[in-house]
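# Observations on chain architecture
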Amino acid sequence: MAERDAAIYDGLARVPEVACEKGAGLDALLKGAREPLVLRGLVADWPLVAAGKESARAARRYLMDRARDRPFSVSIGPPGHDGRLFYDADMAMNFRSGTGKLADIFAGIDTAEEQGEARTVYLGSIDIPSHFDGLDEANSVDLGAREPFKSIWIGTRTRIAAHNDFPDNLACCAVGRRRFTLFPPNQYRNLYLGPIDNTPAGRTVSMVDFDAPDLAAHPRFVEAMAHGQVAELEPGDAIFIPSMWWHHVEGLEPFNILVNYWWRDTPAWLGQPQAALNHAILAIRDLPAADKAIWRDLFDHYVFDAGEDVTAHIPEKARGILAPLTAETAGRLRAFLLRMLSK
């Protein structure tokens, strides 16, 4: 599969870059950061990076030597698949999903390389601690007091539609090359988002094909691109993607490996905003307009503004969930919601 025409990216701003070899000053760079940033050379000393520079097969051997004997989830495109993991014409997925041993999956990639086939094989968001022994310890980033979720993405040439994630994200290019195209959170209208409940990988994605934008169907995509930023990562480079920034991700080489660290600055016991949005669609969206206006005002009062006037007249010990949440009160609220949703 030949590399795609990159002309669409030529006019985009470049993600700002800093040299950050061996993580020097990383904690200070990430603290409170709300803009994307490329960190050149952050993980250049990883053994996995060194294996990838030797060859793609050496990188696969490195992973196989550390893989646990358990199933790995994999997405596979049919013959002739162009690497875009997306919908088909009927809005089903244009790839099939399954599980297999890592050695068997990699053997298939080996065979395709030997036969000169362009096969789409993609292992997405594989949890590192539960699937590998020693991989994280030998290839790590010091994120200070943060407690990230650590995952690895392994595959052939792929294109992942623009999507966003709630946690902050440090993505490290270990093998191959990656192109990231990023958009601020407020560009969601101009990216023409698809379904919430039927997605390729759990997050709503842009319906725009970045390789061949249909501007008749998606005219506002021009405005999105005016706000876009692009970065190409070489082995050893990393990119910081702040919470809720949209990102389109491409694996540019015949074989690519990315390692992700996700974290949130808020306590883990707080709920997921996406769950609140889904519940609001269920409970509020289809109400009459006058009723929705009332609930919009209440959401502003209790959630988005949440000023002192919400609780000033209530004794402090009686404020319940209107007071700042704790792990205990969050747990009680979650149990209450589960009881309500089960009725």
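Residues numbered from 1 in each chain as written. Predicted model: local features only at pLDDT ≥ 70, side-chain atom pairs only at ≥ 80, totals over all residues. Heavy atoms only, no water.

## Looking at the overall build of the protein chain
- When helices and strands are counted, the protein chain shows ten helices and 15 strands.
- Its C-alpha radius of gyration of 22 Å places the protein chain within 12% of the 20 Å reference for a compact globule of 343 residues.
- C-alpha atoms of the protein chain, sized along the principal axes, occupy 70 × 50 × 40 Å.
- For the protein chain, long-range pairs separated by at least 24 residues make up 79% of all intrachain contacts whose partners lie at least 6 apart in sequence.
- With the model as given, the accessible surface of the protein chain reaches about 18000 Å², and the carbon-plus-sulfur share is 55%.
- Distance between charge centres in the protein chain, computed from 37 positive and 47 negative side chains, equals 4 Å. (Helix = DSSP H or I, 4+ residues; strand = E, 2+ residues; numbered from the N terminus. Rg over C-alpha atoms; globule rule 2.2 N^0.38 Å. Contact = heavy atoms within 4.5 Å. Areas by Shrake-Rupley, 256 points an atom, 1.4 Å probe, with all protein chains shown as cover. Lys, Arg positive; Asp, Glu negative; His and termini not counted. Charge placed at Lys NZ, Arg CZ, Asp CG, Glu CD.)

## Considering helix α2 (residues 47-54)
- Every buried residue of α2 is accounted for by Leu-48, Val-49 and Ala-51. Taken end-on, α2 shows its buried residues confined to a sector of 160°, consistent with a single buried face. Across from the buried face of α2, at angles greater than 90 degrees, the exposed residues are Lys-53 and Glu-54. (Buried < 20%, exposed > 50% of the residue type's maximum accessible area, 1.4 Å probe, protein only. Arc of directions from axis to C-beta.)

## Quick notes on a nonpolar patch on the surface
- A cluster of nonpolar side chains, Ile-294, Trp-295, Leu-298, Phe-299, Tyr-302, Val-303, Phe-304, Ile-321, Leu-322 and Leu-325, forms an exposed patch at the surface whose accessible area comes to about 930 Å².
- Position of Tyr-302 relative to the elements: it lies in helix α9 (residues 289-305). (Patch = residues over 30% accessible without salt bridge, like charges linked within 9 Å, V, L, I, M, F, W, Y side chains within 5 Å. Salt bridge = Lys/Arg side-chain N within 4 Å of Asp/Glu carboxyl O.)

## A few points about the sheet that holds strand β3 (residues 37-40)
- Ordered in space as β2-β3-β13-β10-β15-β8-β7-β4-β6, the nine strands form an open sheet in which the pairing is mixed. Unpaired on one side and paired on the other, β2 (17-19) and β6 (96-100) mark the two borders of the sheet. With strand direction ignored, the average angle separating the axes of adjacent strands in the sheet is 25°.
- Bridge count between strand β10 (residues 168-175) and strand β13 (residues 238-241): four bridges; the pairing is antiparallel. The residue bridging Leu-170 from the neighbouring strand is Phe-240, located in β13.
- Helix-sheet contacts for α2 involve β10 and β15 (256-263), and the interaxial angle to β10 is about 40°.
- Strands β4 (72-76), β6, β7 (121-127) and β8 (149-155) of the sheet are contacted by helix α4 (residues 102-115), whose axis makes an angle of about 150° with β7. (Pairing = 2+ DSSP bridges. Axes fitted to C-alpha atoms, helices over the stretch in contact; angles between N-to-C directions.)

## So, the packing of aromatic side chains
- Under the definition given, this model contains nine aromatic pairs.
- Taking 6.0 Å as the distance between ring centres and 15° as the angle between the ring planes, the aromatic pair formed by Phe-149 and Trp-262 counts as stacked. With a gap of 113 residues between them, Phe-149 in strand β8 and Trp-262 in strand β15 connect regions that are remote in the sequence.
- Classification of Trp-262 by relative accessible area gives buried; the value is 12%.
- Three or more aromatic residues joined by ring pairs form one cluster here, namely Tyr-122, Phe-149, Trp-153 and Trp-262.
- The ring of Phe-255 carries Arg-60 above its face, with NZ or CZ at 4.6 Å from the centroid. (Phe/Tyr/Trp six-rings, centres within 6.5 Å; stacked < 30°, edge-to-face > 60°. Lys NZ or Arg CZ within 6 Å of the ring centre and 35° of its normal.)

## Let's talk about the pairing of β6
- The buried fraction of β6 is low, at zero of five residues.
- Where β4 lies against β6, five bridges are found, and the strand directions are antiparallel. Bridged to Ile-76 within β6 is Arg-96.

## Topic: the side chain of His-218
- With respect to the secondary-structure elements, His-218 resides in the loop between β11 (178-183) and α7 (221-226).
- Contacts of His-218, omitting those with residues within four sequence positions, involve Tyr-192, Met-207 and Val-208.

## Concerning unusual backbone geometry
- Phi angles above zero are rare outside glycine, and Ser-125 is one such case at about 50°.
- With respect to the helices, strands and loops of the structure, Ser-125 is situated in strand β7.
- For Tyr-192, which is not a glycine, the phi torsion comes out positive at approximately 55°.
- With respect to the secondary-structure elements, Tyr-192 resides in the loop between β11 and α7.
- With a relative accessible area of 15%, Tyr-192 lands in the buried category.

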